[in-house]
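Descriptive structure summary
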Amino acid sequence: MIASSARLRAAVSHRAGLRLLRLYATSRRLPLALLILLICAAGTRVALHLRWNTYGALQMPLLFETVAATVVAATVGSPFGDPESATGPRRHVLRLGGASALTAIAMGALVIAGTGLHLAGGTAGVLRNVAGSTGIGLLCAATLGAGLAWTGPTGYLVIAMYAQYTLWHGPAVTTPWTWPARPPYDVGAAVCAGLVFTAGMAVTAVRGGPGSPRRPWHGRDRLTAAEAWRPPPGGGSPPRTRSGPPGR
């Protein structure tokens, strides 16, 4: 009987874990993110079959890598706020696991897209550039919100493109912090991209994205609508707001 109870508890815990993963994936729009990543990979494959000059062949993959990194960073926030906060310490695992899995998928998809074709930077360049841009996006998502996570990777894309431009027109920008303009096996560039990615993942796991804005009918800070319209302990009328109680 004890064994049956233990198996029942294990089955219930397993189902609850799967349901939590499904709800988290839905709230973070992970299926849509996967679709966009596959589209990026397909676009990269098609673009590699086109004719490019040396400058265009170097910058074209960077565009798709930036889009992929932005997609990963945008999944940090949820339109419903942070519903997994009720799961306790597991929310850190959910955030870290979700961002890590999407980053790995983005890298793998872009590497596969370039298999058998001339991809500037090769596999090492794709891994380094996606990791670094994703780290920038995650840091922006944690500070500005997931809706503005694109600003960091996009701004860095402009800087990286300028650094690549200077390789032909000088004076060349050689700092490792502009890693897309460095050779694919440049150790300093890989270290800088790795540091940014590690910082972004750490902030995402600990902090996540800023919560959703407070609804206008919340009369008290950090309370639900029902709690906001509950009479105060000392008596008196419920707080008044412009929007009135929900449902009116």
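Details of the structure are given in the entry above.
These figures come from a predicted structure and were not determined experimentally. (Residues numbered from 1 in each chain as written. Predicted model: local features only at pLDDT ≥ 70, side-chain atom pairs only at ≥ 80, totals over all residues. Heavy atoms only, no water.)

When its secondary structure is counted, the protein chain shows eight helices and zero strands. When the helices and strands of the protein chain are listed from N to C terminus, the series reads α-α-α-α-α-α-α-α. Surface accessibility of the protein chain: about 14,000 Å² in total, with carbon and sulfur atoms responsible for 67%. (Helix = DSSP H or I, 4+ residues; strand = E, 2+ residues; numbered from the N terminus. Areas by Shrake-Rupley, 256 points an atom, 1.4 Å probe, with all protein chains shown as cover.)

Turning next to the side chain of Ser133. Considering the arrangement of structural elements, one finds Ser133 in helix H5 (residues 122-144). A relative accessible area of 2% means that Ser133 is categorised as buried. Residue contacts for Ser133: discarding those within four places in its chain leaves Ala69, Pro153, Tyr156 and Trp179. (Buried < 20%, exposed > 50% of the residue type's maximum accessible area, 1.4 Å probe, protein only. Contact = heavy atoms within 4.5 Å.)

Bringing the packing of helix H3 (residues 54-74) against helix H6 (residues 151-169) into the picture now. Contact geometry for H3 and H6: axes closest at 10 Å, N-to-C directions at 165°. Regarding the angle of H3 to H6, the classification is roughly antiparallel. The hand of the H3/H6 crossing is right-handed. Between H3, through Thr54, Tyr55, Leu58, Gln59, Leu62, Leu63, Thr66 and Thr70, and H6, the contact on the second element is made entirely by Pro153, Thr154, Leu157, Ala160, Met161, Gln164, Tyr165 and Trp168. Classifying every residue of the contact of H3 with H6 by side-chain character gives 10 nonpolar, six polar and no charged. (Axes fitted to C-alpha atoms, helices over the stretch in contact; angles between N-to-C directions. Parallel < 35°, antiparallel > 145°, perpendicular 65-115°, else oblique. Left-handed = near helix turned anticlockwise from the far one by under 90°. Nonpolar A, V, L, I, M, F, W, Y, C, P; charged D, E, K, R; others polar.)

In a pair of packed helices, the angle between the axes and the distance between the axes together describe the arrangement. Where helix H2 (residues 30-48) meets H3, the closest approach of the two axes is 10 Å, and the angle between their N-to-C directions is 175°. By the angle between their axes, H2 is roughly antiparallel relative to H3. Contact residues: H2 offers Ala33, Ile36, Leu37, Cys40, Gly43, Thr44, Ala47 and Leu48, while H3 offers Met60, Phe64, Val67, Ala68 and Val71. In terms of residue class, the contact of H2 with H3 is built from 11 nonpolar, two polar and no charged.

It is worth spelling out the nonpolar core at this point. Within the largest apolar cluster, 17 residues are counted, with the highest numbers of intra-cluster contacts made by Leu37, Ala68, Leu102, Ala106, Leu110, Val126 and Val130. Within the residue set of this core, elements represented by two or more residues are H2, H3, helix H4 (90-113) and H5. Broken down by element, this core gets its largest block of residues, five residues, from H2. Leu157, Ala160, Trp179 and Cys192 belong to the second largest nonpolar core, which has 10 residues in total. (Core = buried A, V, L, I, M, F, W, Y, C linked by side-chain atoms within 4.5 Å.)

Moving on, we come to the pattern of salt bridges. Scanning the entire structure with this criterion turns up one salt bridge. When the shortest N-O distance is used, the salt bridge between Arg182 and Asp186 registers 3.2 Å. Judged by relative accessible area, Arg182 falls into the partly exposed class, the value being 21%. By relative accessible area, Asp186 is classed as buried at 19%. (Salt bridge = Lys/Arg side-chain N within 4 Å of Asp/Glu carboxyl O.)

Mapped onto the elements, Thr204 comes out in helix H7 (residues 187-206). Residue classification places Thr204 among the buried positions, given a relative accessible area of 2%. From its side chain, Thr204 meets the backbone oxygen of Gly200 in a polar contact 2.8 Å long. Excluding residues that lie within four positions of it along the chain, Thr204 makes contacts with Val76, Arg95 and Leu138. (Polar contact = N/O pair within 3.5 Å; in protein donor to acceptor, adjacent residues only side chain to side chain.)

Quick look at a nonpolar patch on the surface now. Taken together, the side chains of Trp177, Val187, Val191 and Leu195 present a nonpolar region at the surface, about 410 Å² in accessible area. Mapped onto the secondary structure, Val191 falls in helix H7. On the accessibility criterion, Val191 (45% relative accessible area) is partly exposed. (Patch = residues over 30% accessible without salt bridge, like charges linked within 9 Å, V, L, I, M, F, W, Y side chains within 5 Å.)

Looking now at the environment of Ala124. Mapped onto the secondary structure, Ala124 falls in helix H5. Residue classification places Ala124 among the partly exposed residues on the basis of a relative accessible area of 22%. Residues Ala124 and Pro183 lie 59 residues apart in sequence; the distance between their C-alpha atoms is 9.4 Å. When sequence neighbours within four positions are dropped, the list of residues in contact with Ala124 reads Pro184 and Tyr185.

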